Amino acid sequence: MDWNHYRFRSRWNLPAPPAIVYEALERAEDYPRWWRQVREVTRLDDTTGVLRIRSVLPYDMTFTAREVRRDPAAGVLEIFLSGDIEGRARWTVAPLGTGTLARYDQDVDVRKPLLRRLALPCRPVFRANHRLMMRAGARGLAGHLQAV
């Protein structure tokens, strides 16, 4: 097993139509407004930006996100990540009752040296940290969608 490789899946049930959720998710530069763990997003061009995130644990992660697929008809946003983490992440947005299911899939390798050294003893803590971040993101986006 590669202790520095992670696969995450999160599901967010959101109180807005899929097109509205998709529009919010495709505007990564707005994430810090509703997702407190996304500390900073710096857009480099139309398809690339640098993100700095920090959840409960006292470390920041910085990575470049490059869009590889934007398909509103299919409800898919996909990016490649490089920096403190490397791999891919994908949002898939679909109708769910009167709202939306936003599914987030992430398949990454950790490159940040400190986190690599702590991979074996801290893996459960890192996974919990990610869950907390995603839970906060779901709550933040739900609140943001209700406010607009």
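In case you missed it, the structure is sitting above this.
One structure accompanies this document, and this report is about it. Along each chain, residue indices are assigned from 1 in the same order as the chain's sequence is written. Given that this is a predicted model, residues contribute local features only at a pLDDT of at least 70 and side-chain atom pairs are listed and counted only at 80 or more, while totals for whole chains, interfaces and linings are drawn from all residues. Where side-chain values are given, they derive from all heavy atoms of the structure, hydrogens and water being excluded.

1. Section: the sheet that holds strand 7 (residues 99-110)
Sheets are built from strands that pair by backbone hydrogen bonding, the pairs being arranged parallel or antiparallel. Here a strand pair is declared whenever DSSP counts at least two bridges between the two strands. Helix and strand definitions here come from DSSP, where helices need a minimum of 4 consecutive H or I residues and strands a minimum of 2 consecutive E residues; each element is numbered from the N-terminal end. Spatially, 7 strands are ordered 1-7-6-5-4-3-2 in an open sheet, and the strand pairing comes out antiparallel. Every interior strand has two partners, whereas the edge strands, strand 1 (5-14) and strand 2 (38-43), have only one. Neighbouring strand axes in the sheet, compared pairwise and without regard to direction, differ in orientation by 20° on average. Pairing geometry for strand 5 (residues 76-83) and strand 6 (residues 85-96), over 6 bridges, is antiparallel. When the bridges of strand 6 are listed, Glu78 appears paired with Arg90. Contacts: residue pairs with any heavy atoms within 4.5 Å of one another. Think of each axis as a best-fit line through the C-alpha atoms, taken over the contacting stretch in the case of a helix, with angles from 0 to 180 degrees between the N-to-C directions. Strand contacts of helix 1 (residues 18-26): strand 1, strand 2, strand 4 (61-71), strand 5, strand 6 and strand 7, with the helix running at about 160° to strand 6, the strand carrying the most contacts. Most of the contacts of helix 4 (residues 119-147) go to strand 1, to which it runs at about 25°, and overall it touches strand 1, strand 2, strand 3 (48-53), strand 6 and strand 7.

2. A closer look at the environment of Asn13
Looking at where Asn13 falls in the secondary structure, it is placed in strand 1. Residue Asn13 is classed as exposed on the basis of its relative accessible area, which comes to 58%. Between the alpha carbons of Asn13 and Ala142 there is a distance of 8.4 Å; along the sequence they are 129 residues apart. In contact with Asn13, other than residues within four places in its own chain, are Leu96, Thr100 and Leu101. The classification of residues rests on relative accessible area computed with a 1.4 Å probe and restricted to protein chains. Under 20% of the type maximum is buried, over 50% is exposed, and intermediate values are partly exposed.

3. Structural notes on the pattern of salt bridges
Counted as salt bridges are all cases of a side-chain nitrogen of Lys or Arg within 4 Å of a carboxyl oxygen of Asp or Glu. Counted under the stated rule, the structure contains 16 salt bridges. Across the pair Asp30 and Arg33 runs a salt bridge, and its minimum N-O distance is 3.4 Å. Arg33 sits in the exposed class, given a relative accessible area of 68%. Note that Asp60 and Arg52 form a salt bridge whose closest N and O atoms lie 2.9 Å from each other. You can call Asp60 partly exposed: its relative accessible area is 21%. When its relative accessible area of 26% is taken as the criterion, Arg52 is described as partly exposed. The structure contains a network of salt bridges with shared partners spanning Glu40, Arg52, Arg54 and Asp60.

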